[in-house]
Amino acid sequence: MDKKNRRDNPLFAAGLVGGLGLQVAICIFLGYFLGSSLGKRFGGGSGWTVGGILVGLAVGLLSGILLVKKVMEDTDG
């Protein structure tokens, strides 16, 4: 099976979308965990947690963009 036929498969697209969602969710969770840990250690509570969530979201979106770019660079167009 060549790459073009594999990319035409709807299961490939569903797996890619699912993987992207899972990747972003894990990054947000890790940001929450890190932010809440820093909040307990240094005080300030929710400020650290919100900051951690936002950093996790940014990292998740950036890694998702890089993954889609990697998948799309082999396609025509």
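The preceding data block contains the structure.
Residues numbered from 1 in each chain as written. Predicted model: local features only at pLDDT ≥ 70, side-chain atom pairs only at ≥ 80, totals over all residues. Heavy atoms only, no water.

Asker: Honestly, helix α2 (residues 10-42) in this entry has me stumped. Any pointers?
Answerer: Look at α2: 48 Å from first C-alpha to last across 33 residues, which is about the 48 Å you get at 1.5 Å a residue. The set of residues buried in α2 consists of L20, V24, C27, G31, G35, S36 and G39. Looking at the buried positions of α2, the neighbouring elements they touch are α3 (46-72). Downstream of α2 by a residue or two, G43 has a phi angle that is positive, lying close to 85°. (Helix = DSSP H or I, 4+ residues; strand = E, 2+ residues; numbered from the N terminus. Expected span 1.5 Å × (residues − 1). Buried < 20%, exposed > 50% of the residue type's maximum accessible area, 1.4 Å probe, protein only. Contact = heavy atoms within 4.5 Å.)

Asker: What exactly am I supposed to notice about the packing of aromatic side chains here?
Answerer: Pairs of aromatic rings are described using the distance from one ring centre to the other and the angle between the two planes. According to the stated counting rule, one finds 1 aromatic pair in the structure shown. Arranged with centres 5.9 Å apart and planes meeting at 35°, the rings of F42 and W48 form a pair that is tilted. Judged by its relative accessible area of 37%, W48 falls in the partly exposed class. (Phe/Tyr/Trp six-rings, centres within 6.5 Å; stacked < 30°, edge-to-face > 60°.)

Asker: Quick question: what am I supposed to make of a nonpolar patch on the surface here?
Answerer: Taken together, the side chains of L22, I26, F29, L30, Y32, F33 and I53 define a hydrophobic patch exposed on the protein surface, amounting to about 710 Å² of accessible area. Tracing the backbone shows I26 in helix α2. (Patch = residues over 30% accessible without salt bridge, like charges linked within 9 Å, V, L, I, M, F, W, Y side chains within 5 Å. Areas by Shrake-Rupley, 256 points an atom, 1.4 Å probe, with all protein chains shown as cover. Salt bridge = Lys/Arg side-chain N within 4 Å of Asp/Glu carboxyl O.)

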